[in-house]
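# Secondary and tertiary structure notes
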Amino acid sequence: MEKETARLEAFSDGVFAIAITLLILDIKVPRELPEGVGLWQGLLKQWPSLIAFLTSFFTILIMWINHHRVFSQIKRVDDVFLLINGCLLLLVTFIPFPTSLVAEYITTGEQRTAVAIYCGTNLVMALLFNVLWRYGLNGQRLLGHQSDPGVIKFISKGYAVGPGAYLGAFLLAFVNAYAAFGVCIVLAVFFAWPNEVKPRKTHKSTVDA
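Overview of the structure. What you see is a predicted model; the values in this text were computed from it and never measured.

## Some points on the nonpolar core
- In terms of nonpolar packing, the biggest core is built from 48 residues, with Ile60, Met63, Phe81, Val115, Trp133 and Tyr166 touching the most fellow members.
- For this core, the secondary-structure elements that each account for two or more residues are α1 (6–22), α3 (47–71), α4 (79–94), α6 (111–137), α7 (149–173) and α8 (177–192).
- Of all the elements, α6 adds the most residues to this core, at 13 residues.
- Residues in contact with Val115, not counting those within four places in the same chain, are Val102, Ile106, Ala173, Ala177, Ala180 and Phe181.

## So, the side chain of His67
- By the secondary structure assignment, His67 is in helix α3.
- Residue His67 is classed as buried on the basis of its relative accessible area, which comes to 2%.
- Beyond its immediate stretch of four places on either side in the chain, His67 contacts Ser12, Phe16, Asn85, Leu88 and Phe129.

## Structural notes on the packing of aromatic side chains
- Under the criterion given, the structure shown has 10 aromatic pairs.
- Centre to centre, the rings of Phe170 and Phe174 are 5.3 Å apart; their planes meet at 90°, and the pair counts as edge-to-face.
- The partly exposed category is assigned to Phe170, whose relative accessible area is 26%.
- With relative accessibility at 44%, the residue Phe174 sits in the partly exposed group.
- Taken together, the aromatic side chains of Phe129, Tyr159, Tyr166, Phe190 and Phe191 make up a single cluster linked through ring pairs.

## Looking at helix α5 (residues 96–105)
- For α5, the set of buried residues is Pro96, Pro98, Thr99, Leu101, Val102 and Ala103.
- The elements touched by buried residues of α5 are α3, α4, α6 and α8.

## Remarks on the packing of α4 against α6
- It is at 10 Å that the axes of α4 and α6 come closest, and there the two elements cross at 160°. With respect to each other, α4 and α6 are oriented roughly antiparallel. Handedness of the crossing formed by α4 with α6: left-handed. Together, Val80, Phe81, Ile84, Asn85, Cys87, Leu88, Leu91 and Phe94 of α4 and Thr121, Val124, Met125, Leu128, Phe129, Val131, Leu132, Tyr135 and Gly136 of α6 make up the contact between the two elements.
- Among the residues making up the contact of α4 with α6, the classes are represented as 14 nonpolar, three polar and no charged.

## Some thoughts on the packing of α1 against α3
- It is at 10 Å that the axes of α1 and α3 come closest, and there the two elements cross at 170°. What the angle tells us is that α1 and α3 run roughly antiparallel. Touching Leu8, Glu9, Ser12, Asp13, Phe16, Ala19 and Ile20 of α1 are Phe57, Ile60, Leu61, Met63, Trp64, His67 and Phe71, all from α3.
- Within the contact of α1 with α3, the residues separate by chemical class into 10 nonpolar, two polar and two charged.

## Brief notes about the environment of Leu91
- The topology assignment puts Leu91 in helix α4.
- In this structure, the C-alpha to C-alpha distance between Leu91 and Ile60, residues 31 residues apart in sequence, is 9.7 Å.
- Ignoring sequence-local partners within four residues, the contact set of Leu91 consists of Thr121, Val124, Met125 and Leu128.

## Things to note about the side chain of Ser156
- Relative to the helices and strands, Ser156 resides in helix α7.
- With a relative accessible area of 12%, Ser156 lands in the buried category.
- If near-sequence neighbours (up to four positions away) are discounted, Ser156 is found in contact with Trp133, Arg134 and Leu137.

Quick notes on the rules
- Residues numbered from 1 in each chain as written.
- Predicted model: local features only at pLDDT ≥ 70, side-chain atom pairs only at ≥ 80, totals over all residues.
- Heavy atoms only, no water.
- Core = buried A, V, L, I, M, F, W, Y, C linked by side-chain atoms within 4.5 Å.
- Buried < 20%, exposed > 50% of the residue type's maximum accessible area, 1.4 Å probe, protein only.
- Helix = DSSP H or I, 4+ residues; strand = E, 2+ residues; numbered from the N terminus.
- Contact = heavy atoms within 4.5 Å.
- Phe/Tyr/Trp six-rings, centres within 6.5 Å; stacked < 30°, edge-to-face > 60°.
- Axes fitted to C-alpha atoms, helices over the stretch in contact; angles between N-to-C directions.
- Parallel < 35°, antiparallel > 145°, perpendicular 65-115°, else oblique.
- Left-handed = near helix turned anticlockwise from the far one by under 90°.
- Nonpolar A, V, L, I, M, F, W, Y, C, P; charged D, E, K, R; others polar.

The following block contains the structure:
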């Protein structure tokens, strides 16, 4: 039986919004500054938290963008799809933790471990997006009547890059933490890149829902 995705999208958007909002709680107002320490110095001491906040914010934002892309084509859901989406939302709420690890340990001897955990989290994220997308795409079971083959191809090609690239970053983290983190930043830009395919407006796709 066909189900509307509006409720699932609203719930997912709520999780994304709450996850992003809670990030600011890690940024504290400096209080009781030591003698001789100015407010600027007190703020600068929080640079790891500020970096973690910005990185987590944009990571979650990019995940939301890709989640939106998926639902531009997916118009129905079933119980398995709901469970996969739930696992993806679990990862959304977890993202701030590995990001904070990187911010805290990037200048220490534990930088490789911290970045490896960060890259590993991104690898799981890429795998979950692929599972979610491929499950909805398989047999065209959850696609809508107006799903566009061009957009579907664009998303599929992009997601195919993710797991291998993040696996490479994960392995690289044990050799060069800075390079591995840089790879993740480049991949984040790649997945945030606007969809260059213009969906058709004048006629229905040959893909049946």
